Amino acid sequence: MPIVVEQLVILRDKLRRKAQAGRDIFHLEPLTLSLMNDIIGRVVFNAELGNQTAGSHPLSETMIRQLGLKFAINDVMDNLGQLNPFRKFSTWNNGRILDNHVRDQINKRVTAFRSAKVQEERDAFKSILDQALETYYSELGRRGSDPVDGNFMKMLCSQLRLFFFAGYDSTSAAMVACCYLIWKHPEVLAKLREEHDKVFGRNLAACADMIAENPAVLNSLPYTTAVIKETMRLFPPASGIRVGCADLVLKGQDGTEYPTEGFLVQMNHFSIHRNPEVWARPREFLPERFLVVPGHELCPAKGAWRIFEYGTRNCTGQAFVMKELRAFLALLAREFDFQDCYDEVFAGEKVDLTNVDYEKAYLVEAGSAHPRGMFPCRISLSGYVPGELGI
Ligand code: HEM
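Residues numbered from 1 in each chain as written. Predicted model: local features only at pLDDT ≥ 70, side-chain atom pairs only at ≥ 80, totals over all residues. Heavy atoms only, no water.

**Some thoughts on helix α12 (residues 222-234)**
Right, so step 1: Helix length check: α12, at 13 residues, gives a terminal C-alpha distance of 19 Å against a target of 18 Å (1.5 Å per residue), a fit within 8%.
Right, so step 2: The element α12 is extensively covered by neighbouring structure, given that 11 of its 13 residues are classed as buried.
Right, so step 3: Every buried residue of α12 is accounted for by Tyr223, Thr224, Thr225, Ala226, Val227, Ile228, Glu230, Thr231, Met232, Arg233 and Leu234.
Right, so step 4: Tucked inside the fold, the buried residues of α12 contact α9 (150-182), α10 (186-200), α13 (269-273), α14 (318-332) and β7 (363-366). (Helix = DSSP H or I, 4+ residues; strand = E, 2+ residues; numbered from the N terminus. Expected span 1.5 Å × (residues − 1). Buried < 20%, exposed > 50% of the residue type's maximum accessible area, 1.4 Å probe, protein only. Contact = heavy atoms within 4.5 Å.)

**Quick look at the site of the ligand**
Right, so step 1: The full set close to the ligand counts 21 residues, and Ala166, Arg242, Glu309, Arg313 and Cys315 are the nearest of them.
Right, so step 2: One of the side-chain N or O atoms of Arg242 is found 2.6 Å from an oxygen atom in the ligand.
Right, so step 3: In terms of residue count, the dominant contributor to the shell around the ligand is α9 (five residues). (Near = heavy atom within 4 Å. Polar contact = N/O pair within 3.5 Å; in protein donor to acceptor, adjacent residues only side chain to side chain.)

**Some details on the UniProt feature "binding site: heme" (unreviewed entry) in the chain**
Right, so step 1: Per the UniProt record, the feature "binding site: heme" (unreviewed entry) sits at Cys315.
Right, so step 2: By the secondary structure assignment, Cys315 is in the loop between α13 and α14.
Right, so step 3: Look at Cys315 and you get partly exposed, because its relative accessible area is 30%. (UniProt positions renumbered as here; feature names shortened; annotations may be inferred.)

**What to know about the side chain of Ser368**
Right, so step 1: By the secondary structure assignment, Ser368 is in strand β8 (residues 368-371).
Right, so step 2: At a separation of 3.2 Å, a polar atom in the side chain of Ser368 contacts the main-chain amide nitrogen of Ser170.
Right, so step 3: With residues near it in sequence (within four places) discarded, Ser368 still touches Phe165, Asp169, Ser170 and Pro237.

**A word on the packing of aromatic side chains**
Right, so step 1: Under the counting rule described, the total for this entry stands at 14 aromatic pairs.
Right, so step 2: Measuring from ring centre to ring centre gives 6.0 Å for Phe290 and Trp305, while their planes differ by 70°; the resulting arrangement is edge-to-face. Pair noted here: Phe290 is in the loop between α13 and α14 and Trp305 is in the loop between α13 and α14, with a separation of 15 residues, a long-range link. Here the two residues Phe290 and Trp305 agree in accessibility, since each one is buried.
Right, so step 3: Taking 5.8 Å as the distance between ring centres and 15° as the angle between the ring planes, the aromatic pair formed by Tyr342 and Phe346 counts as stacked.
Right, so step 4: Taken together, the aromatic side chains of Tyr180, Phe235, Tyr342, Phe346 and Phe375 make up a single cluster linked through ring pairs.
Right, so step 5: Over the aromatic face of Tyr384 sits the side chain of Arg202, whose NZ or CZ is 4.8 Å from the ring centroid.
Right, so step 6: Cation over ring: Arg233 sits above Trp279, and NZ or CZ is 5.1 Å from the ring centre. (Phe/Tyr/Trp six-rings, centres within 6.5 Å; stacked < 30°, edge-to-face > 60°. Lys NZ or Arg CZ within 6 Å of the ring centre and 35° of its normal.)

**Describing the sheet that holds strand β6 (residues 336-340)**
Right, so step 1: Spatially, the three strands line up as an open sheet ordered β1-β9-β6, and their pairing is antiparallel. Looking at strand neighbours, the two that pair on one side only are β1 (26-27) and β6, the edges of this open sheet.
Right, so step 2: The sheet contact formed by β1 and strand β9 (residues 376-381) spans two bridges and is antiparallel. For His27, the partnering residue across the bridge sits in β9 and is Pro376. (Pairing = 2+ DSSP bridges.)

**Notes on the pattern of salt bridges**
Right, so step 1: Using the criterion set out here, one finds 23 salt bridges in the structure.
Right, so step 2: Of the charged contacts in the structure, one is a salt bridge between Arg281 and Glu297, with a shortest N-O distance of 3.9 Å. Here Glu297 lies in the loop between α13 and α14 and Arg281 lies in the loop between α13 and α14, a separation of 16 residues in the sequence.
Right, so step 3: Classification of Glu297 by relative accessible area gives exposed; the value is 54%.
Right, so step 4: Residue Lys360 is joined to Asp343 by a salt bridge in which the shortest nitrogen-to-oxygen separation is 3.4 Å. With Lys360 in the loop between α15 (342-345) and β7 and Asp343 in helix α15, this residue pair connects regions lying 17 residues apart in the sequence.
Right, so step 5: Given the relative accessible area of 23%, Lys360 is considered partly exposed.
Right, so step 6: Among the ionic contacts, a cluster of salt bridges with common partners joins Arg12, Asp13, Arg16 and Glu335. (Salt bridge = Lys/Arg side-chain N within 4 Å of Asp/Glu carboxyl O.)

Spelled out as C-alpha coordinates, the structure:
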(Lines give C-alpha, C1' and ligand atoms only; values in the text may rest on other atoms or scores of the structure.)
Protein backbone atom coordinates (compact mmCIF):
# COMPACT_ATOMS: atom_id res chain seq x y z
CA MET A 1 0.00 0.00 0.00
CA PRO A 2 2.75 2.59 0.60
CA ILE A 3 3.44 2.46 -3.16
CA VAL A 4 -0.22 3.06 -3.92
CA VAL A 5 -0.43 5.94 -1.46
CA GLU A 6 2.74 7.53 -2.83
CA GLN A 7 1.23 7.57 -6.34
CA LEU A 8 -2.19 8.68 -5.10
CA VAL A 9 -0.57 11.67 -3.41
CA ILE A 10 0.96 12.68 -6.77
CA LEU A 11 -2.50 12.51 -8.35
CA ARG A 12 -4.06 14.42 -5.45
CA ASP A 13 -1.46 17.18 -5.80
CA LYS A 14 -2.14 17.43 -9.53
CA LEU A 15 -5.87 17.69 -8.87
CA ARG A 16 -5.22 20.28 -6.18
CA ARG A 17 -3.33 22.41 -8.69
CA LYS A 18 -6.18 22.07 -11.19
CA ALA A 19 -8.75 22.99 -8.56
CA GLN A 20 -6.73 26.03 -7.50
CA ALA A 21 -6.08 27.13 -11.09
CA GLY A 22 -9.71 27.64 -12.01
CA ARG A 23 -12.78 25.99 -13.36
CA ASP A 24 -11.59 24.76 -16.75
CA ILE A 25 -12.98 21.49 -18.10
CA PHE A 26 -10.47 18.64 -18.14
CA HIS A 27 -10.61 14.86 -18.63
CA LEU A 28 -10.07 12.80 -15.53
CA GLU A 29 -9.40 9.49 -17.22
CA PRO A 30 -5.92 10.19 -18.65
CA LEU A 31 -4.86 11.11 -15.11
CA THR A 32 -6.21 7.91 -13.54
CA LEU A 33 -4.67 5.86 -16.36
CA SER A 34 -1.25 7.39 -15.66
CA LEU A 35 -1.74 6.82 -11.95
CA MET A 36 -2.63 3.18 -12.43
CA ASN A 37 0.18 2.60 -14.93
CA ASP A 38 2.66 3.86 -12.36
CA ILE A 39 1.18 1.75 -9.58
CA ILE A 40 1.05 -1.41 -11.65
CA GLY A 41 4.55 -0.76 -13.02
CA ARG A 42 5.85 -1.08 -9.46
CA VAL A 43 3.57 -3.99 -8.54
CA VAL A 44 4.32 -6.05 -11.64
CA PHE A 45 7.89 -5.08 -12.58
CA ASN A 46 9.24 -3.12 -9.63
CA ALA A 47 9.77 -0.33 -12.17
CA GLU A 48 9.34 3.41 -11.71
CA LEU A 49 7.52 4.27 -14.94
CA GLY A 50 7.01 7.93 -14.00
CA ASN A 51 3.94 8.49 -16.18
CA GLN A 52 2.53 10.91 -13.62
CA THR A 53 5.69 12.91 -13.17
CA ALA A 54 7.85 12.61 -16.28
CA GLY A 55 5.28 11.93 -19.02
CA SER A 56 4.31 8.81 -20.87
CA HIS A 57 6.68 5.85 -20.44
CA PRO A 58 7.34 3.82 -23.65
CA LEU A 59 6.05 0.63 -22.00
CA SER A 60 2.75 2.29 -21.04
CA GLU A 61 2.47 4.00 -24.40
CA THR A 62 2.99 0.74 -26.30
CA MET A 63 0.49 -1.10 -24.11
CA ILE A 64 -2.15 1.57 -24.62
CA ARG A 65 -1.49 1.58 -28.39
CA GLN A 66 -1.79 -2.22 -28.45
CA LEU A 67 -5.22 -2.06 -26.83
CA GLY A 68 -6.34 0.48 -29.42
CA LEU A 69 -5.08 -1.71 -32.27
CA LYS A 70 -6.64 -4.89 -30.85
CA PHE A 71 -10.01 -3.26 -30.46
CA ALA A 72 -9.89 -1.74 -33.91
CA ILE A 73 -9.03 -5.11 -35.44
CA ASN A 74 -11.83 -6.87 -33.53
CA ASP A 75 -14.42 -4.19 -34.25
CA VAL A 76 -17.47 -6.14 -35.40
CA MET A 77 -18.96 -2.95 -36.87
CA ASP A 78 -16.03 -2.56 -39.26
CA ASN A 79 -15.90 -5.62 -41.50
CA LEU A 80 -13.81 -3.99 -44.20
CA GLY A 81 -11.33 -2.67 -41.65
CA GLN A 82 -10.86 -6.22 -40.36
CA LEU A 83 -9.58 -7.29 -43.76
CA ASN A 84 -6.97 -4.54 -43.80
CA PRO A 85 -3.56 -6.33 -43.80
CA PHE A 86 -1.82 -3.16 -42.65
CA ARG A 87 -3.80 -3.22 -39.40
CA LYS A 88 -2.87 -6.83 -38.81
CA PHE A 89 0.75 -6.00 -39.39
CA SER A 90 0.61 -2.95 -37.06
CA THR A 91 -0.93 -5.08 -34.29
CA TRP A 92 1.69 -7.79 -34.71
CA ASN A 93 4.51 -5.24 -34.86
CA ASN A 94 3.32 -3.28 -31.85
CA GLY A 95 2.88 -6.56 -29.94
CA ARG A 96 6.49 -7.36 -30.74
CA ILE A 97 7.63 -3.95 -29.45
CA LEU A 98 5.54 -4.48 -26.31
CA ASP A 99 7.18 -7.86 -25.72
CA ASN A 100 10.59 -6.20 -26.07
CA HIS A 101 9.68 -3.62 -23.42
CA VAL A 102 8.49 -6.37 -21.10
CA ARG A 103 11.67 -8.36 -21.76
CA ASP A 104 13.73 -5.27 -20.91
CA GLN A 105 11.97 -5.08 -17.56
CA ILE A 106 12.58 -8.80 -16.97
CA ASN A 107 16.26 -8.48 -17.83
CA LYS A 108 16.64 -5.50 -15.49
CA ARG A 109 15.16 -7.47 -12.62
CA VAL A 110 17.28 -10.54 -13.44
CA THR A 111 20.38 -8.32 -13.18
CA ALA A 112 19.08 -6.77 -9.96
CA PHE A 113 18.22 -10.21 -8.61
CA ARG A 114 21.81 -11.28 -8.99
CA SER A 115 23.32 -8.20 -7.41
CA ALA A 116 24.00 -8.06 -3.70
CA LYS A 117 22.17 -4.77 -3.37
CA VAL A 118 18.85 -6.28 -4.27
CA GLN A 119 18.94 -8.57 -1.26
CA GLU A 120 17.81 -5.59 0.85
CA GLU A 121 15.24 -4.59 -1.79
CA ARG A 122 13.90 -8.12 -1.83
CA ASP A 123 13.09 -7.89 1.83
CA ALA A 124 11.40 -4.52 1.38
CA PHE A 125 9.18 -5.19 -1.62
CA LYS A 126 8.67 -8.04 -4.08
CA SER A 127 6.98 -7.36 -7.38
CA ILE A 128 5.14 -10.13 -9.23
CA LEU A 129 8.16 -10.44 -11.53
CA ASP A 130 10.55 -10.63 -8.55
CA GLN A 131 8.49 -13.42 -7.03
CA ALA A 132 8.44 -15.32 -10.33
CA LEU A 133 12.24 -15.02 -10.64
CA GLU A 134 12.75 -16.05 -7.04
CA THR A 135 10.69 -19.20 -7.60
CA TYR A 136 12.42 -19.90 -10.91
CA TYR A 137 15.92 -19.59 -9.47
CA SER A 138 15.03 -21.61 -6.37
CA GLU A 139 14.26 -24.69 -8.49
CA LEU A 140 16.56 -27.64 -7.96
CA GLY A 141 19.77 -27.56 -9.98
CA ARG A 142 19.40 -23.95 -11.15
CA ARG A 143 22.14 -21.46 -10.30
CA GLY A 144 21.69 -17.70 -9.92
CA SER A 145 24.18 -17.12 -12.73
CA ASP A 146 22.16 -19.23 -15.24
CA PRO A 147 20.44 -17.25 -18.03
CA VAL A 148 16.63 -17.33 -18.10
CA ASP A 149 15.49 -20.25 -20.23
CA GLY A 150 13.80 -19.25 -23.54
CA ASN A 151 10.50 -21.01 -22.82
CA PHE A 152 10.26 -19.54 -19.35
CA MET A 153 11.00 -16.08 -20.77
CA LYS A 154 8.18 -16.47 -23.32
CA MET A 155 5.67 -17.62 -20.73
CA LEU A 156 6.73 -14.97 -18.20
CA CYS A 157 6.50 -12.26 -20.82
CA SER A 158 2.89 -13.09 -21.75
CA GLN A 159 1.81 -13.52 -18.11
CA LEU A 160 3.32 -10.15 -17.17
CA ARG A 161 1.62 -8.50 -20.15
CA LEU A 162 -1.68 -9.84 -18.83
CA PHE A 163 -0.98 -8.65 -15.29
CA PHE A 164 0.05 -5.22 -16.52
CA PHE A 165 -3.11 -4.78 -18.59
CA ALA A 166 -5.45 -6.36 -15.99
CA GLY A 167 -3.90 -4.26 -13.27
CA TYR A 168 -4.33 -0.74 -14.59
CA ASP A 169 -7.12 -0.36 -17.11
CA SER A 170 -10.16 -1.67 -15.21
CA THR A 171 -9.17 -0.01 -11.93
CA SER A 172 -8.77 3.31 -13.72
CA ALA A 173 -12.26 2.90 -15.24
CA ALA A 174 -13.68 2.12 -11.78
CA MET A 175 -12.07 5.26 -10.31
CA VAL A 176 -13.63 7.44 -12.98
CA ALA A 177 -17.05 5.81 -12.50
CA CYS A 178 -16.78 6.48 -8.74
CA CYS A 179 -16.13 10.18 -9.36
CA TYR A 180 -19.03 10.36 -11.77
CA LEU A 181 -21.61 8.62 -9.58
CA ILE A 182 -20.64 9.84 -6.11
CA TRP A 183 -20.68 13.53 -6.98
CA LYS A 184 -24.03 13.06 -8.74
CA HIS A 185 -25.46 11.83 -5.43
CA PRO A 186 -24.80 14.39 -2.67
CA GLU A 187 -26.44 12.17 -0.02
CA VAL A 188 -23.92 9.42 -0.80
CA LEU A 189 -21.01 11.87 -0.79
CA ALA A 190 -22.09 13.21 2.62
CA LYS A 191 -22.19 9.72 4.18
CA LEU A 192 -18.86 8.82 2.60
CA ARG A 193 -17.20 11.92 4.04
CA GLU A 194 -18.75 11.23 7.42
CA GLU A 195 -17.24 7.75 7.46
CA HIS A 196 -13.81 9.14 6.48
CA ASP A 197 -14.02 11.73 9.30
CA LYS A 198 -14.78 8.96 11.75
CA VAL A 199 -11.93 6.71 10.65
CA PHE A 200 -9.21 9.25 9.74
CA GLY A 201 -10.22 12.28 11.83
CA ARG A 202 -10.73 15.77 10.42
CA ASN A 203 -7.08 16.29 9.56
CA LEU A 204 -7.02 15.68 5.77
CA ALA A 205 -3.26 16.07 5.56
CA ALA A 206 -2.74 13.08 7.88
CA CYS A 207 -4.86 10.65 5.89
CA ALA A 208 -2.20 9.51 3.39
CA ASP A 209 0.34 8.70 6.10
CA MET A 210 -2.29 6.88 8.15
CA ILE A 211 -3.04 4.56 5.23
CA ALA A 212 0.62 4.05 4.29
CA GLU A 213 1.58 3.23 7.87
CA ASN A 214 -1.42 1.05 8.64
CA PRO A 215 -3.14 -0.22 5.45
CA ALA A 216 -5.47 -2.31 7.64
CA VAL A 217 -7.30 0.93 8.42
CA LEU A 218 -8.89 0.52 4.97
CA ASN A 219 -10.78 -2.47 6.34
CA SER A 220 -12.78 -0.15 8.60
CA LEU A 221 -14.69 1.52 5.76
CA PRO A 222 -17.93 -0.44 5.20
CA TYR A 223 -19.84 2.43 3.62
CA THR A 224 -16.95 3.28 1.27
CA THR A 225 -16.76 -0.39 0.29
CA ALA A 226 -20.49 -0.43 -0.41
CA VAL A 227 -20.16 2.69 -2.58
CA ILE A 228 -17.39 1.05 -4.61
CA LYS A 229 -19.38 -2.16 -5.05
CA GLU A 230 -22.47 -0.25 -6.09
CA THR A 231 -20.44 1.84 -8.55
CA MET A 232 -19.00 -1.27 -10.17
CA ARG A 233 -22.43 -2.92 -10.19
CA LEU A 234 -23.70 -0.15 -12.45
CA PHE A 235 -20.41 0.44 -14.30
CA PRO A 236 -18.73 -3.00 -14.50
CA PRO A 237 -15.31 -2.58 -16.13
CA ALA A 238 -14.92 -6.25 -17.13
CA SER A 239 -16.83 -9.49 -17.51
CA GLY A 240 -16.09 -13.19 -17.74
CA ILE A 241 -16.04 -15.74 -20.53
CA ARG A 242 -15.86 -19.53 -20.58
CA VAL A 243 -15.62 -22.18 -23.29
CA GLY A 244 -18.77 -24.31 -23.18
CA CYS A 245 -18.56 -28.12 -23.11
CA ALA A 246 -20.78 -31.19 -23.27
CA ASP A 247 -21.15 -31.62 -19.54
CA LEU A 248 -21.94 -27.97 -18.87
CA VAL A 249 -25.67 -27.44 -19.31
CA LEU A 250 -26.96 -24.18 -17.84
CA LYS A 251 -30.41 -24.17 -16.30
CA GLY A 252 -32.66 -21.10 -16.29
CA GLN A 253 -34.83 -20.19 -13.29
CA ASP A 254 -37.83 -21.62 -15.16
CA GLY A 255 -36.02 -24.93 -15.64
CA THR A 256 -35.11 -24.44 -19.33
CA GLU A 257 -31.82 -26.14 -20.17
CA TYR A 258 -29.13 -24.43 -22.27
CA PRO A 259 -26.41 -26.75 -23.62
CA THR A 260 -23.09 -24.94 -24.03
CA GLU A 261 -21.02 -27.31 -26.17
CA GLY A 262 -19.61 -25.46 -29.17
CA PHE A 263 -20.34 -22.04 -27.63
CA LEU A 264 -18.51 -19.40 -25.70
CA VAL A 265 -20.49 -18.42 -22.61
CA GLN A 266 -20.15 -14.80 -21.60
CA MET A 267 -21.09 -13.65 -18.12
CA ASN A 268 -22.28 -10.20 -19.15
CA HIS A 269 -21.92 -8.14 -15.99
CA PHE A 270 -23.72 -5.11 -17.37
CA SER A 271 -26.93 -7.08 -17.99
CA ILE A 272 -26.69 -9.30 -14.91
CA HIS A 273 -26.06 -6.30 -12.64
CA ARG A 274 -29.14 -4.49 -13.94
CA ASN A 275 -31.45 -7.49 -14.12
CA PRO A 276 -34.67 -6.63 -12.22
CA GLU A 277 -35.18 -10.32 -11.46
CA VAL A 278 -32.15 -10.36 -9.18
CA TRP A 279 -31.81 -6.71 -8.11
CA ALA A 280 -34.36 -4.49 -6.39
CA ARG A 281 -34.55 -0.97 -7.92
CA PRO A 282 -31.73 -1.96 -10.31
CA ARG A 283 -31.22 1.43 -11.97
CA GLU A 284 -30.81 3.34 -8.71
CA PHE A 285 -27.44 4.07 -7.09
CA LEU A 286 -28.03 2.59 -3.62
CA PRO A 287 -24.83 1.60 -1.78
CA GLU A 288 -27.03 0.55 1.17
CA ARG A 289 -27.96 -2.61 -0.71
CA PHE A 290 -24.52 -3.99 0.24
CA LEU A 291 -25.03 -3.19 3.92
CA VAL A 292 -28.51 -4.57 4.64
CA VAL A 293 -29.12 -7.91 6.32
CA PRO A 294 -30.31 -10.98 4.37
CA GLY A 295 -34.06 -10.89 3.90
CA HIS A 296 -34.10 -7.12 3.30
CA GLU A 297 -35.66 -6.26 -0.08
CA LEU A 298 -32.42 -4.54 -1.21
CA CYS A 299 -30.15 -7.45 -0.28
CA PRO A 300 -28.48 -8.80 -3.46
CA ALA A 301 -29.29 -12.36 -4.52
CA LYS A 302 -26.43 -14.82 -4.01
CA GLY A 303 -23.97 -14.63 -6.92
CA ALA A 304 -25.68 -11.60 -8.50
CA TRP A 305 -22.70 -9.26 -7.96
CA ARG A 306 -20.04 -10.88 -10.10
CA ILE A 307 -17.59 -8.07 -10.69
CA PHE A 308 -14.52 -10.25 -10.09
CA GLU A 309 -16.31 -13.45 -11.14
CA TYR A 310 -16.32 -16.69 -9.15
CA GLY A 311 -14.41 -19.95 -9.22
CA THR A 312 -10.83 -20.92 -9.80
CA ARG A 313 -10.17 -18.33 -12.52
CA ASN A 314 -11.64 -15.38 -10.64
CA CYS A 315 -9.75 -12.09 -10.50
CA THR A 316 -6.31 -12.44 -8.93
CA GLY A 317 -6.15 -8.75 -8.07
CA GLN A 318 -9.54 -8.29 -6.38
CA ALA A 319 -8.40 -7.70 -2.79
CA PHE A 320 -5.78 -5.25 -4.06
CA VAL A 321 -8.30 -3.40 -6.25
CA MET A 322 -10.69 -2.89 -3.35
CA LYS A 323 -7.87 -1.47 -1.24
CA GLU A 324 -6.72 0.85 -4.03
CA LEU A 325 -10.23 2.17 -4.56
CA ARG A 326 -10.84 2.72 -0.85
CA ALA A 327 -7.56 4.62 -0.57
CA PHE A 328 -8.42 6.64 -3.70
CA LEU A 329 -11.72 7.76 -2.17
CA ALA A 330 -10.27 8.32 1.29
CA LEU A 331 -7.70 10.72 -0.16
CA LEU A 332 -9.96 12.60 -2.57
CA ALA A 333 -13.58 12.54 -1.42
CA ARG A 334 -13.35 15.19 1.27
CA GLU A 335 -10.94 17.53 -0.42
CA PHE A 336 -12.54 17.92 -3.85
CA ASP A 337 -15.81 18.40 -5.64
CA PHE A 338 -16.16 16.96 -9.15
CA GLN A 339 -18.78 18.16 -11.57
CA ASP A 340 -19.31 16.15 -14.72
CA CYS A 341 -19.49 18.21 -17.94
CA TYR A 342 -21.13 15.71 -20.30
CA ASP A 343 -23.96 18.12 -21.09
CA GLU A 344 -21.52 20.85 -22.13
CA VAL A 345 -19.04 18.67 -24.00
CA PHE A 346 -21.68 16.61 -25.81
CA ALA A 347 -24.17 19.48 -26.22
CA GLY A 348 -26.31 19.08 -29.33
CA GLU A 349 -25.28 15.46 -29.80
CA LYS A 350 -28.01 13.24 -31.23
CA VAL A 351 -27.52 9.83 -29.63
CA ASP A 352 -30.23 7.33 -28.76
CA LEU A 353 -29.57 6.49 -25.10
CA THR A 354 -32.49 4.06 -24.70
CA ASN A 355 -30.21 1.00 -24.91
CA VAL A 356 -27.90 2.29 -22.18
CA ASP A 357 -30.50 3.09 -19.53
CA TYR A 358 -30.39 6.79 -20.57
CA GLU A 359 -26.90 6.99 -19.12
CA LYS A 360 -24.88 9.86 -20.62
CA ALA A 361 -21.61 8.41 -19.27
CA TYR A 362 -22.45 5.02 -20.81
CA LEU A 363 -19.74 2.40 -20.97
CA VAL A 364 -17.64 2.02 -24.11
CA GLU A 365 -15.15 -0.72 -24.88
CA ALA A 366 -11.58 0.53 -24.68
CA GLY A 367 -9.65 -2.37 -23.19
CA SER A 368 -11.96 -2.59 -20.20
CA ALA A 369 -15.35 -0.88 -20.31
CA HIS A 370 -14.86 2.83 -19.60
CA PRO A 371 -17.34 5.66 -19.02
CA ARG A 372 -17.35 7.34 -22.40
CA GLY A 373 -15.51 10.52 -23.30
CA MET A 374 -12.72 10.07 -20.69
CA PHE A 375 -14.97 11.80 -18.14
CA PRO A 376 -14.99 15.51 -18.94
CA CYS A 377 -15.32 17.38 -15.64
CA ARG A 378 -14.50 20.38 -13.51
CA ILE A 379 -12.89 20.17 -10.11
CA SER A 380 -12.91 22.52 -7.15
CA LEU A 381 -11.70 22.48 -3.55
CA SER A 382 -14.71 21.41 -1.53
CA GLY A 383 -14.02 23.46 1.60
CA TYR A 384 -15.45 20.50 3.51
CA VAL A 385 -12.81 20.85 6.23
CA PRO A 386 -12.34 24.61 6.56
CA GLY A 387 -8.79 25.76 7.22
CA GLU A 388 -7.26 22.62 5.70
CA LEU A 389 -4.93 22.78 2.69
CA GLY A 390 -5.13 26.51 2.18
CA ILE A 391 -8.91 26.50 1.68
C1 HEM B 1 -11.72 -2.86 -11.04
C2 HEM B 1 -10.70 -3.64 -11.33
C3 HEM B 1 -10.79 -5.05 -11.81
C4 HEM B 1 -11.87 -5.77 -12.25
C5 HEM B 1 -13.32 -5.33 -12.37
C6 HEM B 1 -11.39 -7.09 -12.59
C7 HEM B 1 -12.19 -8.11 -13.07
C8 HEM B 1 -11.72 -9.32 -13.51
C9 HEM B 1 -12.53 -10.34 -14.11
C10 HEM B 1 -14.04 -10.27 -14.32
C11 HEM B 1 -11.71 -11.36 -14.45
C12 HEM B 1 -12.11 -12.66 -15.17
C13 HEM B 1 -12.37 -13.69 -14.12
C14 HEM B 1 -13.00 -14.94 -14.68
O15 HEM B 1 -13.07 -15.10 -15.90
O16 HEM B 1 -13.39 -15.77 -13.84
C17 HEM B 1 -10.37 -10.99 -14.06
C18 HEM B 1 -9.25 -11.78 -14.24
C19 HEM B 1 -8.00 -11.42 -13.84
N20 HEM B 1 -7.63 -10.29 -13.15
FE21 HEM B 1 -8.85 -8.77 -12.64
N22 HEM B 1 -10.05 -7.14 -12.36
C23 HEM B 1 -9.63 -5.93 -11.89
C24 HEM B 1 -8.34 -5.58 -11.52
C25 HEM B 1 -7.25 -6.43 -11.50
C26 HEM B 1 -5.95 -6.11 -10.98
C27 HEM B 1 -5.55 -4.80 -10.29
C28 HEM B 1 -5.15 -7.19 -11.21
C29 HEM B 1 -3.69 -7.42 -10.89
C30 HEM B 1 -2.98 -6.73 -10.06
C31 HEM B 1 -5.96 -8.18 -11.87
C32 HEM B 1 -5.50 -9.40 -12.29
C33 HEM B 1 -6.27 -10.34 -12.94
C34 HEM B 1 -5.74 -11.56 -13.51
C35 HEM B 1 -4.28 -12.01 -13.49
C36 HEM B 1 -6.82 -12.25 -14.06
C37 HEM B 1 -6.78 -13.62 -14.77
C38 HEM B 1 -7.06 -14.68 -13.74
C39 HEM B 1 -7.05 -16.08 -14.33
O40 HEM B 1 -7.31 -16.23 -15.53
O41 HEM B 1 -6.80 -17.01 -13.57
N42 HEM B 1 -7.23 -7.69 -12.01
N43 HEM B 1 -10.40 -9.75 -13.47
